[in-house]
Amino acid sequence: MTREELLTELAELAGSATQRAGPLRSGLEELHGLLDDYWFDRKSFPATNTALLSVLSDLTRKMDHLREGWDYNQATAQGVYEKTGGMARISDSLPQVFNVAKLHKMGKDREPWWHKEAITLPSVHEMISYLDMRWKELEQETDPTRLRALQELPPSFPSGNNPTPFSEIGFRTRYGYADTGIGTALI
Amino acid sequence: MHAVWSFWTAPYRARKGFGWKHERFHCLSWLLSVGLAQRHFDSLSLHTDDAGAGLLVDQLGLGFDKLSLSLNSLDSADPDWWIQGKLLTYAEQEKPFVHIDCDVYLFKPLPERLTSAAVLAQNPETIEPLSPWYDAEACETAIRNCGDGHIPPEWTKYRAAPEQLAACCGIFGGHSLDFIRDYSSSVLRILQAPGNRHAFDHLNTKRQLNPLFEQYLLAAWAEYHGVRIEYLFSSFDNAFLEAEDAGFTHLMAEAKLDGGLAARIEKRVAREWPEAYERCQALFFNRVDGTVPLTLHERGSLV
């Protein structure tokens, strides 16, 4: 798949999200697969962060329409919710900055802490937040050497030599700390 | 400042609120939590029931300035809502306090900004999409459709707030006793209302909803009443990054199943409180071969 094909498919997914409320969930699962393609074969799709973010942002806006329906028309929203298996409620949550990079930097030797989480419904918002954060990190880096190092990092959630497919990542925050606890080095 | 612990044994006996690798490590954790905190606080108290006092005070030998058996009043309460033991303890406090979970270890004193705060907690945490721990919508539906239908205004108003958080309560307390009493007794009323007794029975995630009633509704109550919660850490990320400097450990959730951590707790307790450690060992090990750890049930405690 070329970058253009990927972006086209993402755009189609985004464009059809609200028209096809029923298949939204399966569409998002498809989106995860596409993201995996992007994730694992980055060199085939150079410099795509901005374009990808644009498409994903569009998808977010579409999902926000679902949120409006949820907020202002309970009857309709309930229908949307039932049809989409809960995706409307995902958009009900504000995007969160998922600070994986910071954890990665401080704990490269640790087992990735999301591995044990069973996948539920990964949030597109969180993907966007993460990509956005990575992009800002690139934008704000002024040191050429560090910038090159950042650019060479795989644009994936850090997981050593075995990158975790998006479709297998369970997004966890609260209990992301549960496997290791907090401050356990003190014991 | 007054340090408080609570131990309601019904959920423990039913294995409905504690996930330790072995009961022995649960006891060792109590020894570590209380042993460390007694270095920092003016007085210590335990709120528990008869069985809890039997284990922690009579058998493990933990020393408290005050022992309350008020959790005996929860005998007929639904043990799925294990949070009731903590909430009742919060509601009963008559002087500024810090409630410390038994899986929290304070290697350093809490900073003065916390011990002087109206309300204090560990850290704010974000509400995750589709989180089974904070599914306020499912709870509302259950109360409205299958319960007494009463959702307090603090809850409904917060549900419409643009930004919603929960307050992680590994440590919780403060000086604003009226607020704390109102929050905790109000949440207890929701959980204990006769009309709500079976409202949640159809939810597969019922027990996972305990944090909603303690931590989400605490944030909701604080927001509604304009009370500021002073947090030890500003987020979970920062808790993870700053905990060691703060001298703070919290073995949240599945961390209690970590064999390596359990071994370090054991080593630490054996080194610092050898007599208490021996009492704990005697509770669990068969004196005949000295190797087989018994459960408390086998040992005849907490039965």
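The rules we used
- Residues numbered from 1 in each chain as written.
- Chains lettered and ligands numbered in written order.
- Predicted model: local features only at pLDDT ≥ 70, side-chain atom pairs only at ≥ 80, totals over all residues.
- Heavy atoms only, no water.
- Helix = DSSP H or I, 4+ residues; strand = E, 2+ residues; numbered from the N terminus.
- Buried < 20%, exposed > 50% of the residue type's maximum accessible area, 1.4 Å probe, protein only.
- Contact = heavy atoms within 4.5 Å.
- Areas by Shrake-Rupley, 256 points an atom, 1.4 Å probe, with all protein chains shown as cover.
- pLDDT = per-residue confidence, 0-100.
- Core = buried A, V, L, I, M, F, W, Y, C linked by side-chain atoms within 4.5 Å.
- Polar contact = N/O pair within 3.5 Å; in protein donor to acceptor, adjacent residues only side chain to side chain.
- Pairing = 2+ DSSP bridges.
- Expected span 1.5 Å × (residues − 1).
- Axes fitted to C-alpha atoms, helices over the stretch in contact; angles between N-to-C directions.
- Parallel < 35°, antiparallel > 145°, perpendicular 65-115°, else oblique.
- Left-handed = near helix turned anticlockwise from the far one by under 90°.
- Nonpolar A, V, L, I, M, F, W, Y, C, P; charged D, E, K, R; others polar.
- Phe/Tyr/Trp six-rings, centres within 6.5 Å; stacked < 30°, edge-to-face > 60°.
- Lys NZ or Arg CZ within 6 Å of the ring centre and 35° of its normal.

A few words now on the overall build of chain B. A count of helical and extended segments in chain B gives 13 helices and nine strands. Evaluated residue by residue, chain B yields a buried proportion of 59% over its 303 residues. Pairs at least 24 residues apart make up 77% of the contacts formed inside chain B by residues separated by at least 6 positions.

Secondary structure assignment for chain A yields eight helices and zero strands. Secondary structure of chain A in N-to-C order comes out as α-α-α-α-α-α-α-α. A total of 187 residues make up chain A; the buried ones form 49% of that total. Long-range pairs, those at least 24 residues apart, make up 78% of the contacts in chain A with a sequence separation of at least 6. For chain A, the exposed area adds up to about 9300 Å²; of that, 50% sits on carbon and sulfur atoms.

Any region with low pLDDT has predicted coordinates that should not be read closely. Residue and element names in this part refer to chain A. Put simply, chain A has an average pLDDT of 42, and 4% of its residues get 70 or more. Taken element by element, the predicted model of chain A shows its lowest mean pLDDT in helix 6 (residues 100-106) (27) and its highest in helix 8 (residues 144-152) (53). Segment residues 13-32: pLDDT under 50, and 38 contacts once partners within four positions in sequence are set aside and those in other chains are kept. Counting contacts from residues 36-53, a segment whose pLDDT is below 50, to residues more than four positions away or on other chains yields 41 contacts.

This brings us to the nonpolar core. All names here are of chain B. Ranked by internal contacts, the top residues of the largest apolar core, which has 57 residues, are Trp5, Trp30, Phe41, Ile100, Tyr105 and Ile171. Broken down by element, the residue count for this core peaks at nine residues, all from helix 2 (residues 23-37). Excluding residues within four positions of it along the chain, tryptophan 30 makes contact with Trp5, Ser6, Phe7, Gly35, Leu46, Leu56, Leu62 and Cys102. One finds Leu87, Cys169, Val187 and Leu203 within the second-largest nonpolar core, a separate group that totals 53 residues.

On to the side chain of aspartate 103 of chain B. All names here are of chain B. Tracing the backbone shows aspartate 103 in the loop between strand 4 (97-100) and strand 5 (104-106). Among the polar contacts listed, one links the side chain of aspartate 103 to the side chain of histidine 250, at a separation of 3.4 Å. Within the structure, the side chain of aspartate 103 is placed 2.6 Å from the side chain of lysine 256, a separation counted as a polar contact. Setting aside its immediate chain neighbours within four residues, aspartate 103 contacts Trp20, Ser29, Thr249, His250, Leu251, Met252 and Lys256.

On to the pairing of strand 7 (residues 165-174) of chain B, then. Residues and elements named next belong to chain B. Among the ten residues of strand 7, nine are classified as buried, and the element is accordingly described as predominantly covered. Pairing analysis gives four bridges linking strand 4 to strand 7, with the strands arranged antiparallel. Bridge assignment links phenylalanine 97 to a residue of strand 7, and that residue is glycine 174. As paired strands, strand 6 (residues 119-126) and strand 7 are joined by six bridges and run antiparallel to one another. By the bridge assignment, leucine 120 is partnered in strand 7 with glycine 173.

Within the span of helix 3 (residues 50-59) of chain B, buried status applies to Gly52, Ala53, Gly54, Leu55 and Leu56 of chain B. Directly after helix 3 of chain B, the chain includes glycine 61 of chain B, whose backbone phi takes a positive value near 80°.

Residues and elements named next belong to chain B. As for its placement among the helices and strands, glutamate 230 is situated in strand 8 (residues 229-231). A distance of 2.7 Å separates the side chain of glutamate 230 from the side chain of arginine 113, its partner in a polar contact. Polar side-chain contacts of glutamate 230 include one of 2.4 Å to the side chain of arginine 228. If we skip the residues at most four places from it in the chain, glutamate 230 touches Arg113, Leu114, Ala117, Val119, Leu120 and Ala121.

Between the first and last C-alpha of helix 2 of chain B there are 21 Å, a value that for 15 residues agrees with the 21 Å anticipated at 1.5 Å per step. Burial runs high along helix 2 of chain B: 15 of the 15 residues are buried.

Next up on the list: the sheet that holds strand 8 of chain B. Residues and elements named next belong to chain B. The seven strands are arranged 3-2-1-4-7-6-8 in an open sheet whose pairing can be described as mixed. The open sheet is flanked by strand 3 (66-68) and strand 8, the only strands paired with a single partner. Strand-to-strand twist in this sheet, taken as the mean axis angle between neighbours without regard to direction, amounts to 40°. The strands touched by helix 2 within the sheet are strand 1 (2-7), strand 2 (43-48) and strand 4, with strand 1 carrying the most contacts at an inclination of about 170°. Docked against the sheet, helix 4 (residues 83-91) engages strand 1, strand 2, strand 4 and strand 7, running at close to 145° with respect to strand 1.

Here we come to the packing of helix 2 of chain B against helix 11 (residues 259-272) of chain B. Residues and elements named next belong to chain B. Packing of helix 2 against helix 11 leaves a shortest axis separation of 9 Å and a crossing angle of 50°. In this view, helix 2 runs oblique relative to helix 11, as classed from their interaxial angle. Helix-helix and strand crossings are classified by hand; for helix 2 and helix 11 the assignment is left-handed. Counting all contacts with helix 2, which are made through Arg24, Phe25, Leu28, Ser29, Leu31 and Leu32, the residues of helix 11 involved are Ala262, Ile265, Glu266, Arg268 and Val269. Here the residues of the contact of helix 2 with helix 11 are counted per class, giving seven nonpolar, one polar and three charged.

Attention now goes to the environment of phenylalanine 107 of chain B. Counting through the fold element by element, phenylalanine 107 of chain B comes out in the loop between strand 5 and helix 5 (112-115). Taking the C-alpha atoms as reference points, phenylalanine 107 of chain B and aspartate 245 of chain B, separated by 138 residues in sequence, lie 9.8 Å from one another. With residues up to four places along the chain from it excluded, the contact list for phenylalanine 107 of chain B reads Leu186 and Ile187 of chain A together with Leu36, His40, Gly247, Thr249 and Arg268 of chain B.

Attention now goes to the packing of aromatic side chains. All names here are of chain B. Per the stated rule, a full pass over the model turns up 15 aromatic pairs over all chains. Look at phenylalanine 7 and tyrosine 12: their rings are 5.5 Å apart centre to centre, the planes differ by 80°, and that puts the pair in the edge-to-face class. Overall, the relative accessible area of 4% leaves tyrosine 12 in the buried class. With a centroid separation of 5.9 Å and an interplanar angle of 80°, the aromatic rings of tryptophan 155 and phenylalanine 213 are classed as edge-to-face. Here the residue tryptophan 155 occupies a position in helix 7 (residues 153-159), and phenylalanine 213 occupies one in helix 9 (residues 210-225), the gap between them amounting to 58 residues. For phenylalanine 213, a relative accessible area of 0% corresponds to the buried category. An aromatic cluster is built from Tyr90, Phe97, Phe172, Phe179 and Tyr183, whose rings are joined through pairwise contacts. We note arginine 24 situated over the ring of phenylalanine 25; from NZ or CZ to the ring centre the distance is 4.9 Å. Between the NZ or CZ atom of lysine 256 and the centre of the ring of tryptophan 20, over which it lies, the distance is 5.6 Å.

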